[in-house]
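Examining the three-dimensional arrangement
So the chains spell out like this:
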Amino acid sequence: KHGLRNVAVLEKGWIGGGNTGRNTTIVRSNYRQPELHKLFELGLKMWETMSDELNYNVMFSPRGALVLGHSDSDMVQLAQRGDALRCAGIDAELMTRDEVAKFVPSLDLSRSARFPIEGGMIQRRAGTARHDAVAWGYARAADALGVDVIQNCEVTGLTIAGGRVTGVETSRGAIGAGRVGICVAGNSGPLAAMAGIKLPIEAQTLQAFVTEAVKPMIDTVLQSQSVHCYISQSDKGGIVLGGDPDRFPSYAQRGFTPPVERAAAEAIALVPALARLRMVRCWAGVTDMSFDGSPIISALPVDGLYLDGGWCYGGFKATPGSGFVYAELLATGASHPLAAPFGFDRFREGATIDEAGVGPGPHLR
């Protein structure tokens with residue numbers, strides 16, 4: 001878009017081996033804060049045409065994302081969020097308890113349920129995509145445009161002269177560069193530390209797991225305003241579940257048992273039939289949890305060094321939108337209007353963007 005072709009992407013492992021291949025593939029833009037829903041809406045519109053643009057089927061499935069409300073307070077908050085979305089021209093629809101029951105009959109809608117359901121809010125354009133296909137499609141398209149995608153190439157240091165970055169040291173040798181962009185999810189902190197910069201983020205593992213395959217039973221993405229789990233069914237038939245992060249700093253792509261047990265218990269309380277399924281595997285990604293729950297898309301205090309990170313739970317769904325605005329920042333040195341609110345200096349200035357309570361669990365404060 002900006003006429004730059006001399007670009008190298010350095011991947012420590014293999015394409016898709018990080019968080020891209022370790023998430024629950026949910027795609028949506030139903031955030032309340034205007035700065036967030038505008039950025040994610042750009043991404044959602046790009047998801048709708050991504051397969052055509054890349055000439056690669058990323059298996060985007062707009063099956064809808066339903067956020068359940070379990071109390072009058074939940075329904076008020078969902079109504080407020082829906083109003084904010086519709087004012088921005090983004091689809092959001094409140095559903096009554098009866099409408100939710102008809103839409104997802106496998107939910108426990110009895111009055112004796114552990115989490116009584118009073119209604120919900122659905123974004124029908126939301127859905128899921130195939131994470132591996134997204135990584136492969138982008139890599140192939142970038143390679144065709146002349147981008148050097150270098151795998152098994154770990155960055156071990158940044159070369160800085162006169163307060164400006166001039167290149168990177170890697171496990172495969174030195175590479176000079178006029179501009180360096182960090183976009184490494186949970187490893188944002190260690191990379192920025194190579195330039196002497198401490199980021200307002202903390203790396204935590206976020207686990208998910210999938211059950212054995214069954215016939216179609218959940219044809220939407222289920223989330224909750226109060227219960228911290230999310231449920232969807234993959235194209236292969238497995239039920240994909242996730243919940244809160246592990247709540248302690250870690251760079252390991254593995255987790256421990258209690259969060260899995262908690263997510264399973266909450267999911268079974270919402271959809272009792274899940275109790276009969278066997279878990280096939282679980283995995284974890286390393287998330288970079290920003291202090292206000294919103295990303296950082298910004299120049300850093302070292303000239304020529306930029307960051308796209310701090311996405312907490314939302315990095316995958318932001319893929320096309322964040323890439324679009326980050327490319328403009330890297331190419332021109334100026335922020336795209338949709339990225340401008342997500343500057344690094346906002347934490348010093350007190351201009352945080354706090355979306356606490358909107359995602360599947362409370363963001364780190």
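The paragraphs below set out a description of the structure included in this document. Bear in mind the structure is a predicted one, so any value in this text is a computation, not a measurement.

Let's shift gears to the environment of A334. Structurally, A334 is set in the loop between α7 (319-332) and α8 (346-349). For the pair A334 and R130, spaced 204 residues apart in the sequence, the C-alpha separation amounts to 32 Å. Aside from chain neighbours lying at most four places away, what touches A334 is E328 and L329.

The subject of this paragraph is the side chain of Q123. Relative to the elements of secondary structure, Q123 occurs in strand β5 (residues 119-123). Looking at Q123, the relative accessible area reads 0%, which means it is buried. From its side chain, Q123 meets the backbone nitrogen of N30 in a polar contact 3.4 Å long. Once residues within four sequence positions are removed from consideration, Q123 is found in contact with R28, S29, N30, E41, L44, G64, A65, I90 and D91.

Let us look at the sheet that holds strand β18 (residues 305-309). Either a parallel or an antiparallel arrangement is found when strands of a sheet pair, and the pairing is made through backbone hydrogen bonds. Strand order in the open sheet formed by three strands is β11-β18-β17, and the pairing between neighbours is mixed. Each end of this open sheet is capped by a strand with a single partner; those strands are β11 (180-182) and β17 (296-299). Neighbouring strand axes in the sheet, compared pairwise and without regard to direction, differ in orientation by 15 degrees on average. Taken together, the four bridges between β17 and β18 define a ladder with antiparallel strand orientation.

Right, let's talk about the environment of M121 for a bit. Mapped onto the elements, M121 comes out in strand β5. For M121, a relative accessible area of 0% corresponds to the buried category. Aside from chain neighbours lying at most four places away, what touches M121 is N30, A65, L66, V67, L78, R81, G82, L85, A92, E93 and L94.

Let's shift gears to the packing of aromatic side chains. The geometry of two aromatic rings is summed up by the distance between their centres and the angle between their planes. Within the structure shown, the criterion is met by five aromatic pairs. Between Y31 and F40, the aromatic rings sit 4.5 Å apart at their centres with planes inclined by 5 degrees, giving stacked as the arrangement. Per residue, the accessibility class of Y31 equals that of F40, and both read buried. On the basis of an interplanar angle of 80 degrees and a centroid distance of 5.9 Å, the ring pair of F40 and W311 is categorised as edge-to-face. On the criterion of sequence distance, the pair formed by F40 in helix α1 (residues 34-54) and W311 in the loop between β18 and α7 is long-range, its members being 271 residues apart. We note that F40, like W311, is buried.

With 26 residues, the main nonpolar core has L107, I231 and L270 as its most contacted residues. Elements supplying a minimum of two residues to this core: β3 (65-69), β15 (238-249) and α6 (257-270). Ranked by residue count, the leading element in this core is α6, at five residues. By size, the runner-up hydrophobic cluster in this structure holds 18 residues, among which are V180, I182, V302 and L307.

Turning our attention to the sheet that holds strand β10 (residues 173-176). With antiparallel pairing, three strands are arranged side by side in an open sheet as β8-β9-β10. At either margin of the open sheet sits one strand with a lone partner, and together these are β8 (155-161) and β10. Strand-to-strand twist across the sheet, computed as the mean angle between neighbouring axes with direction ignored, equals 25 degrees. Pairing analysis gives four bridges linking strand β9 (residues 164-170) to β10, with the strands arranged antiparallel. Its bridge partner being in β10, T170 is matched across the sheet by G173.

Further remarks concern the pairing of β5. A large share of β5 lies buried, amounting to five of its five residues. Here β5 shows two buried faces, one formed by G119, M121 and Q123 and the other by G120 and I122. Here β3 pairs with β5 via five bridges, running antiparallel. Among the inter-strand pairings, L68 is bridged to a residue of β5, identified as G120.

Regular strands place side chains that alternate from one sheet face to the opposite one. As judged from the six bridges shared by β8 and β9, these two strands associate in the antiparallel manner. Note that in β9 the partner of L158 across the bridge is V168. In this antiparallel pair of consecutive strands, β8 and β9, the connection spans two residues, and G162 shows a positive phi of 60 degrees. What sits between the antiparallel neighbours β9 and β10 is a turn of two residues.

The rules behind the values
Residues numbered from 1 in each chain as written. Predicted model: local features only at pLDDT ≥ 70, side-chain atom pairs only at ≥ 80, totals over all residues. Heavy atoms only, no water. Helix = DSSP H or I, 4+ residues; strand = E, 2+ residues; numbered from the N terminus. Contact = heavy atoms within 4.5 Å. Buried < 20%, exposed > 50% of the residue type's maximum accessible area, 1.4 Å probe, protein only. Polar contact = N/O pair within 3.5 Å; in protein donor to acceptor, adjacent residues only side chain to side chain. Pairing = 2+ DSSP bridges. Axes fitted to C-alpha atoms, helices over the stretch in contact; angles between N-to-C directions. Phe/Tyr/Trp six-rings, centres within 6.5 Å; stacked < 30°, edge-to-face > 60°. Core = buried A, V, L, I, M, F, W, Y, C linked by side-chain atoms within 4.5 Å.

These figures come from the coordinates and say nothing about function on their own.
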